[in-house]
Structures are given as structure tokens and as C-alpha cells.
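Fold and geometry: a report
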Amino acid sequence: MSSFVDSIATQVGIHPDLLKIALCIVLSFPLGSLVKRIPSRMPLVKDSVVIFIGMFYLSGIFSLYKEALFMICLSILTYALATVFPRNKHMPWFNFTIQMGFMLYTHCLEQFSGGDYVNNIGISGTQMIIIQKLTSFAWNVYDNSKPDDQLSAYQKEMRISSRPSFLRFLAWVFFFPTLMTGPACTYHEYDIWANEKIFGNTKPQPRCGALILRRLGEGLIWIVLYMKTGYLSSDNEFYLKDWYVSRSFWFKATSLWILGFLYRTKYYAAWTMSEAACMHIGFSYNGIDSETGKVRWDRMSNIRPVGVEFGQNIRGVLADWNIITASWLRNYVYLRVVKEGKKPGARATYITFLVSALWHGTRPGYYLTFITAAFYQIFGKIYRRNLRPIFVGTKFKAVYDILTWLVTQYALGYAAMPFMLLNFTPAFIVWASVYFYIFVGLAISWILLSGPLRKFVLPSLRKLQNTSGTAVPKDTRKEK
């Protein structure tokens, strides 16, 4: 199957792995129709079929035979730890450390194997999805040993109160509609879907055919756009050509913004079409909106392109980008590294971005991007606390919104560049071509708002806030 797809890709003129991903997404529709018709009273059959399809994707389409076995072994490890030590507070951390260690091993193996690390899809992409599942499973099992008053609403909903069968566990791990592209789902979500409880008392099953077609259409547009232009974003030579190097600062700074957008289109395509496959089998159903009374189909929504491209601050952009991975980082890293009774601070933010970088891979570009993003988060809170209240409720609010959108998008393009180029030297050259202007701006911001000049600047800002009539208490930290 793999060689057959490779030959077709060669004739069509696209990368073979891109065609294989598309094939997996397309096959998920008819195969999903088959699986969802297997009644919940036949769990052995349903889970076995799900596992078989997942193995077919990995082994039959991508020829990842040994890698698929490796994923099964990692799954057995987590299942065994959660079964033997369900109440041990160290178990989730031990499991997390082991899984991240194997994730780094895979990244290093693929990076230094000498192949096309950027375009070829090895097992690392699937392992990145599975590691979210395995680490969340360990925490959700452990959460069942804690009293309700020590758990958040999310933790109460996702905790696992009884040990699942190993077959059901594996079926969830290798859930085929999102196995190759993501996003990940929790065990609780798969279990209520497999048991036909996801719709609650809603009968008959709500239809979403028009929404599925819309998502597929969006995905097709994104993938065509990427195939036509997106490849330029990660081409190291593109940024070294004379016609580009000789351009003005504003041209190059703006090009980083545009190229970053074009690069993101491949993720928009994959996640949008995977979401459509999940809608088709009912997995994306997320209840009824209490305000509009309409059905919500956003359980597996992993991206909101409008929110990313028109976000007015980095926090808003990140909230709409890789949403389910962000939820995993928040619920199983950010909130877990904080001591009980304490609130997350800068330390938790930096640890979370470090884990995110390690999860993505070993290339220096990932670390440059996520360290920069961590600074954005910290400084974003400072800006919203000190600058935003000056404009809220005034005639200049629209101007403020436009300026913050522009600043956010330029900053996003700057930060995303190392992620696209992966290596330190080309990323450093590109940043140098725009004079590291974002870092210069952050340094000046620190001097004025948090550094030696803050005692002169902040009183003036407070006066402006009072003048605008929107002054906020000093302890306010949640402005949007």
C-alpha cells in the first residue's frame, strides 16, 4: 500500500507523506461509518476494529511496523503503572518522565538519521499525540484517589474511577480519525462515545452534514494554499537571496508575518479535516449551547484560524491555536507543577513552554520560539495591566485594538520563524536582518514598566487611567 501511494504521489508531483495523510483522513469517513454502527453492546468488536484500523494506518499506509509495536509497548507501560500504583502521587510524574524520555529519543533518532526530517512523517508525529493520551491517563487515574474538594471541575469530569479493559484502552490510544494528525482526546471522551453516551438524552442523533462539508471545504482551501506557497516558509535559502536581503526593514518584518501565516495553513488543513472526520462519527458532539440553544460540535476543534490571524494579544492567539494540546499543557503540566494551594506564576509558565518545546522536538528553532512565546506571555500581562485600561471606554479604543492586532501579528511572525526554519543559524540570520526589533522592544518595555524607570512611568500611567475613567485595582490581573 505504501509503495503504491508513493508511486501515485510521484506522478501527481506532491510529497508522498502528504498524500498518505490525506488518504488516512479520507478513509476515516467510510471506516468511521462502519465503526459507529457497531453497537455498544459489542465492545470487543468495536474496540478491535478501531485498533485494527489504527494499525492499518501506521503499518499498511506508512509502513511503520516496528514503530507501531513501540507505541504498543509504551501504552502497556502506562497501563501497568496506572493499574499497579493508582494512588501513588509519584506515579503520574514517573510516567510523564518516562514518556517524555522516549519522545526525545524518537525525535533524536529521526533528526540525526540523515533523512528528510522536515517533510517525512515518521512515528514522532503520532507519538506526540499518544504521549498526550498516556500522560493524561495516568493523572486521571490518580485523580480518582483525591477528594472532590482538591479537584477542579475538569479533573472531576476526566478522572477514571474504574480500570478500563486493556482492549478499550488500546482502542482509545489508537483511535484512527486523529491518530496521524491529532488532536488527542481523553479516555473519558472516547469511553462515552464508544458506549453511545456522548449524546446524553438527545435523540435522535443531531445531524451536521452541512458543517462537515464546510470543514472539508475549508481544509481543501488551506491545503491548496500551502501547496502553492506555504513551502517557501521553511526554505532556508529563500531568506538568503539577494532580492530579499536587500529589502527594507519593514518589508522583511512584514514578510515574516505573511510567511508565518502561509506556514500555518498546513496545520489548518490537517486539523480542520480531522475535525470533520470526528463530526462524521459523532465524536465532536459537545452538548447544547445554553445561550443559543444550538448543538455544539467543537469537542475536537483544535484550531480557530480567525482567532489566530486576528488575535489582539498572544494569549488570545494561543487560546485559538492547537487548542487541545494547549489544554493538555495547562491541565497536565502548568497546573500540576504548582504546589497545592498556590497559584501558577512565571515559573509554571516557563516550565510549560519548555515541556512544549521538548514535546515538539530537539531542533533549536523550537526552543527559540517557545522561549520567545514565554516572554510574550509575561509581558502581555504587564501591557494589559498598565496600558489597556487607558483606552477602554474611550474614543481611542478602536485605534488601540488595531494597533494591538498589528503588534501581535508582527510579534507572532517574528517568534514563529525559528519554528519554521528549525536550526539556530538561519533563524539567527533572519532575526538579525530585522535587527532583533522585538527583543529590543521587550527590553525597553521592561525598563519602563518593570525596571529602573517604572517608578517614574507607572504613576503617569495611573493618572491616564484615572482620566479615562477606567482605572483598575492594582491586584487585577485578568484583563482581556
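The secondary structure content of the protein chain amounts to 22 helices and zero strands. In terms of overall size, the protein chain behaves like a compact globule, its C-alpha atoms giving a radius of gyration of 24 Å where 480 residues would be expected to give roughly 23 Å. Each principal axis of the C-alpha atoms in the protein chain carries an extent, and together these give about 70 × 60 × 45 Å. Of all 480 residues assigned to the protein chain, the portion counted as buried reaches 49%. The contacts in the protein chain between residues at least 6 apart in sequence include a share of 71% that link residues at least 24 apart. When the accessible surface of the protein chain is totalled, it reaches about 23300 Å², and 65% of it is carbon and sulfur. Averaging the coordinates of the 51 positive side-chain charges in the protein chain and doing the same for the 27 negative ones gives two points 7 Å apart.

Per the stated rule, a full pass over the model turns up 13 salt bridges. Close ionic contact of glutamate 309 with arginine 264 constitutes a salt bridge, the shortest N to O distance being 3.0 Å. Here arginine 264 lies in helix 12 (residues 249-280) and glutamate 309 lies in helix 13 (residues 305-309), a separation of 45 residues in the sequence. The buried category is assigned to glutamate 309, whose relative accessible area is 10%. Salt bridges sharing partners connect three or more residues here, namely Arg214, Arg215, Glu218 and Glu275.

Quick look at the packing of helix 3 (residues 43-61) against helix 8 (residues 166-173) now. Two numbers describe how helix 3 lies on helix 8: the axes approach to 8 Å, and their chain directions differ by 35 degrees. Crossing handedness for the pair helix 3 and helix 8: left-handed. Across the interface between the two elements, Pro43, Leu44, Asp47, Ser48, Val50 and Ile51 of helix 3 pack against Leu167, Arg168, Leu170 and Ala171 of helix 8. Looking at side-chain class alone, the contact of helix 3 with helix 8 contains seven nonpolar, one polar and two charged residues.

Note that soluble globular proteins tend to have their nonpolar side chains buried in a common cluster. By size, the foremost hydrophobic cluster in this structure holds 77 residues, and its most contacted members are Leu58, Phe174, Tyr190, Trp193 and Phe283. A per-element tally of this core places helix 6 (residues 124-143) first, with nine residues. When neighbours within four sequence positions are excluded, leucine 58 is seen to be in contact with Ser63, Leu64, Ala68, Ile123, Thr126, Phe174, Leu179 and Met180. In terms of nonpolar packing, the next biggest core, distinct from the first, is built from 41 residues, Ala373, Ile390, Leu422 and Ala427 among them.

So, on to the environment of phenylalanine 96. Looking at where phenylalanine 96 falls in the secondary structure, it is placed in helix 5 (residues 91-111). Through-space distance from the C-alpha of phenylalanine 96 to that of leucine 134 is 8.2 Å; in sequence the pair is 38 residues apart. Discounting chain neighbours no more than four positions away, the residues touching phenylalanine 96 are Thr135, Trp328, Tyr332, Val333 and Val355.

Here we come to the packing of aromatic side chains. For the structure on display, the rule yields 55 aromatic pairs. Judged by centre distance (6.3 Å) and plane angle (40 degrees), the ring pair of phenylalanine 379 and tyrosine 383 falls under tilted. Of this pair, phenylalanine 379 and tyrosine 383 both sit in helix 17 (residues 364-386), four residues apart, which is roughly one turn of the helix. An aromatic cluster of three or more residues is present, and its members are Phe249, Trp250, Trp257, Phe310, Trp405, Tyr410, Tyr414, Trp431, Tyr435, Tyr437 and Phe439.

Approximately 890 Å³ is the volume found for the second largest pocket. Together, 33 residues line the second largest pocket, and Gln312, Tyr383, Thr404, Val407 and Thr408 are the ones closest to its centre. When residues of the lining of the second largest pocket are traced back to their parent elements, those giving at least two are helix 14 (314-319), helix 17, helix 18 (388-391), helix 19 (397-421) and helix 21 (437-449). Element by element, the count of residues in the lining of the second largest pocket is highest for helix 19, at 11 residues. Here the lining of the second largest pocket is composed, by residue class, of 17 nonpolar, 10 polar and six charged.

Moving on to empty space enclosed by the protein. Under the definition given, this model contains one cavity of 30 Å³ or more. Sort the elements by how many residues they give to the lining of the largest cavity and helix 2 (residues 16-36) lands first, with three residues. Here the lining of the largest cavity is built from residues that sort into seven nonpolar, three polar and no charged.

What follows covers helix 6. Given a rise of 1.5 Å per residue, 20 residues ought to cover 28 Å, and the 28 Å separating the end C-alpha atoms of helix 6 matches this to within 8%. By the criterion of burial, helix 6 is predominantly enclosed, with 19 of the 20 residues buried.

Another aspect to go through is the confidence of the model for the protein chain. When pLDDT is low, close inspection of the predicted coordinates is not appropriate. Confidence in the prediction of the protein chain, expressed as mean pLDDT, is 89, and 94% of residues score 70 or more. Averaged pLDDT values for the elements of the protein chain fall to 71 in helix 1 (residues 2-12) and rise to 98 in helix 8. The low-confidence segment residues 471-480, where pLDDT is below 50, has 18 contacts with residues more than four positions distant or belonging to other chains.

What follows concerns a nonpolar patch on the surface. A cluster of nonpolar residues, Val440, Ile444, Trp446, Ile447, Leu448, Leu453 and Phe456, forms a patch on the protein surface that exposes about 630 Å² of accessible area. No other element matches the five residues that helix 21 contributes to the nonpolar patch. By the secondary structure assignment, isoleucine 444 is in helix 21.

Counting buried positions along helix 8 gives six out of eight residues, so the element sits mostly inside the fold. Listed as buried for helix 8 are Arg168, Phe169, Leu170, Ala171, Trp172 and Val173. Against the buried residues of helix 8 lie helix 3, helix 4 (65-84), helix 6 and helix 9 (187-194).

So, how was this worked out
- Residues numbered from 1 in each chain as written.
- Predicted model: local features only at pLDDT ≥ 70, side-chain atom pairs only at ≥ 80, totals over all residues.
- Heavy atoms only, no water.
- Helix = DSSP H or I, 4+ residues; strand = E, 2+ residues; numbered from the N terminus.
- Rg over C-alpha atoms; globule rule 2.2 N^0.38 Å.
- Buried < 20%, exposed > 50% of the residue type's maximum accessible area, 1.4 Å probe, protein only.
- Contact = heavy atoms within 4.5 Å.
- Areas by Shrake-Rupley, 256 points an atom, 1.4 Å probe, with all protein chains shown as cover.
- Lys, Arg positive; Asp, Glu negative; His and termini not counted.
- Charge placed at Lys NZ, Arg CZ, Asp CG, Glu CD.
- Salt bridge = Lys/Arg side-chain N within 4 Å of Asp/Glu carboxyl O.
- Axes fitted to C-alpha atoms, helices over the stretch in contact; angles between N-to-C directions.
- Left-handed = near helix turned anticlockwise from the far one by under 90°.
- Nonpolar A, V, L, I, M, F, W, Y, C, P; charged D, E, K, R; others polar.
- Core = buried A, V, L, I, M, F, W, Y, C linked by side-chain atoms within 4.5 Å.
- Phe/Tyr/Trp six-rings, centres within 6.5 Å; stacked < 30°, edge-to-face > 60°.
- 1 Å grid on protein atoms, 1.4 Å probe; cavity = no way out; pocket = protein on both sides within 12 Å on 5 of 7 lines; lining within 4 Å.
- Points joined across faces, edges and corners; volume = space filled by probe spheres on them.
- Expected span 1.5 Å × (residues − 1).
- pLDDT = per-residue confidence, 0-100.
- Patch = residues over 30% accessible without salt bridge, like charges linked within 9 Å, V, L, I, M, F, W, Y side chains within 5 Å.

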